[in-house]
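A structural walkthrough
Here's the letter readout for the chains.
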Amino acid sequence: MWLARIRVMLKKGVLDPQGKAVLGALQTQGYKRVQEVRVGKYLEVRLHSMGRIEAEAEVEEMCRRLLSNPVIEEFSFELDELPESAER
Amino acid sequence: MKFAIVVFPGSNCDRDCFYAARDVIGQEAEFVWHTHRDLSGFDCVILPGGFSYGDYLRSGAIARFAPVMTEVERFARAGGPVLGICNGFQILLEAGLLPGAMLRNRDLQFRCEETFIRVETSRTPFTGLCREGQVLKVPIAHGEGNYFIDEAGLKDLEANRQIVFRYTDASGRVTPESNPNGSVSNIAGICNRQGNVVGLMPHPERSCEGMLGSADGRVIFESVVADLAGRGVARAANALMDRQTIHQVEKAAGGASGCR
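Here goes a summary of the coordinates provided. (Residues numbered from 1 in each chain as written. Chains lettered and ligands numbered in written order. Predicted model: local features only at pLDDT ≥ 70, side-chain atom pairs only at ≥ 80, totals over all residues. Heavy atoms only, no water.)

1. Thoughts on the packing of aromatic side chains
Residues and elements named next belong to chain B. Evaluated as defined, the whole model comprises 3 aromatic pairs over all chains. Seen in terms of ring centroids, Phe89 and Tyr147 are 6.2 Å apart; in terms of plane orientation they differ by 20°. Their pairing is stacked. Of the two residues, Phe89 sits in helix 3 (residues 87–94) while Tyr147 sits in strand 8 (residues 146–148), which places them 58 residues apart along the sequence. Just as Phe89 is buried, Tyr147 falls in that class too. The ring centre of Phe42 lies 5.1 Å from the NZ or CZ of Lys2, which sits over that ring. (Phe/Tyr/Trp six-rings, centres within 6.5 Å; stacked < 30°, edge-to-face > 60°. Helix = DSSP H or I, 4+ residues; strand = E, 2+ residues; numbered from the N terminus. Buried < 20%, exposed > 50% of the residue type's maximum accessible area, 1.4 Å probe, protein only. Lys NZ or Arg CZ within 6 Å of the ring centre and 35° of its normal.)

Laid out in structure tokens, this is it:
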């Protein structure tokens, strides 16, 4: 069993209205040293057992095709093997 | 002519589009459920507004994989007119049928208000009856309509005359104040290179009758009817020419071309 922890973020240079709003809220609350906030998405995907290379390729593909939009976003992920007892 | 109004789980402007097509401009219209795989018999496809699949992940991201979208792509590639309104526009972007992507509105607000949009080109089937520079009063209702494309992409759009509508003030001037969502270059709608696939955030189907505050949106639907009527004439002419060519070939072959 594999667990993919996927992060999807807006690319650098793409305006992040949510990040700007959160930045404003933090500064209003006195966190004057906060320079920038970027808001992204975090996803956990569990996959049935297969080879690591195969699992990586599959997660990569799903990130490209569905989980991120390459026009505005970039993604990264970590892949960890879970003990078989975690299999559902 | 016959409109296909595609219905996804979460579409909510499908009935307005149906009403605009059938009751306002007097054409045939039919709902097409997102699981259908057949668009034969339709002359124009509309992807209506709404919140397909709850807008989960990104607006339009899941809808683009609906079975009907394979057919919409085929229809579009064959030159058929496709109009994506609001969420329909977002779906066309996610499907790669139109370039660019949508971000959250600049001010994070869901904006539901009247806007003025200027027709930038009349080369598409949905703007053929418009005058370039004509200003239409058409409402918007969206939280994610902040159109984004990188600089190179924007240059391409401009060079290929793919910008169809821009947000302006009532007199047609592009100003920062008239941009409701932060879209690059005040873009409200674009088309593909061929011009047959058009997407826009404002809702022409909600401004088809005076009692709705504006009847300016009507011209979008009337344009495609006129365009298809024109194509029908061209098709008939082509068919006639084909028949004449066949006749000439048959004559040249001594009338034997029917025997194989």
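2. Concerning the sheet that holds strand 2 (residues 41–47) of chain A
Residue and element names in this part refer to chain A. The sheet built from 3 strands is open, its strands ordered 2-1-3 with antiparallel pairing. With one partner strand each, in any of the chains shown, strand 2 and strand 3 (73–81) form the two edges of the open sheet. Between one strand axis and the next, the sheet turns through 20° on average, direction left out of account. Pairing between strand 1 (residues 2–10) and strand 3: 9 bridges, direction antiparallel. Directly across from Leu10, in strand 3, lies its bridge partner Glu73. On the sheet, helix 2 (residues 52–67) packs against strand 1, strand 2 and strand 3 and is oriented at approximately 150° with respect to strand 3. (Pairing = 2+ DSSP bridges. Axes fitted to C-alpha atoms, helices over the stretch in contact; angles between N-to-C directions. Contact = heavy atoms within 4.5 Å.)

3. Focus: the pattern of salt bridges
All names here are of chain A. If you walk through the whole model with that rule in mind, you get 19 salt bridges over all chains. Put simply, Glu73 and Lys41 hold a salt bridge, and the shortest N to O gap is 3.5 Å. Of this pair, Glu73 sits in strand 3 while Lys41 sits in strand 2, and the two are 32 residues apart along the sequence. Residues Glu56 and Arg52 are paired through a salt bridge, measuring 3.6 Å at the closest nitrogen-oxygen approach. Pair noted here: Glu56 and Arg52 are both in helix 2, with a separation of 4 residues, about one helical turn. (Salt bridge = Lys/Arg side-chain N within 4 Å of Asp/Glu carboxyl O.)

4. Side note on the sheet that holds strand 6 (residues 111–119) of chain B
All names here are of chain B. Here we have 9 strands laid out as an open sheet, ordered 2-1-3-4-11-10-9-6-7, and mixed in their pairing. For this open sheet the edge positions go to strand 2 (28–33) and strand 7 (135–142), each flanked by a neighbour on one side alone. Mean inter-strand twist for the sheet, computed between neighbouring axes without regard to direction, equals 25°. Both strand 3 (residues 44–47) and strand 4 (residues 82–85) contribute to a ladder of 3 bridges, which runs parallel. Bridge pairing in strand 4 places Leu47 opposite Gly84. Sitting on the sheet, helix 1 (residues 14–24) is in contact with strand 1 (2–7), strand 2, strand 3 and strand 4, with an inclination near 160° to strand 2. Docked against the sheet, helix 3 engages strand 3, strand 4, strand 10 (187–191) and strand 11 (197–200), running at close to 115° with respect to strand 4.

Nothing here speaks to function; it is geometry throughout.
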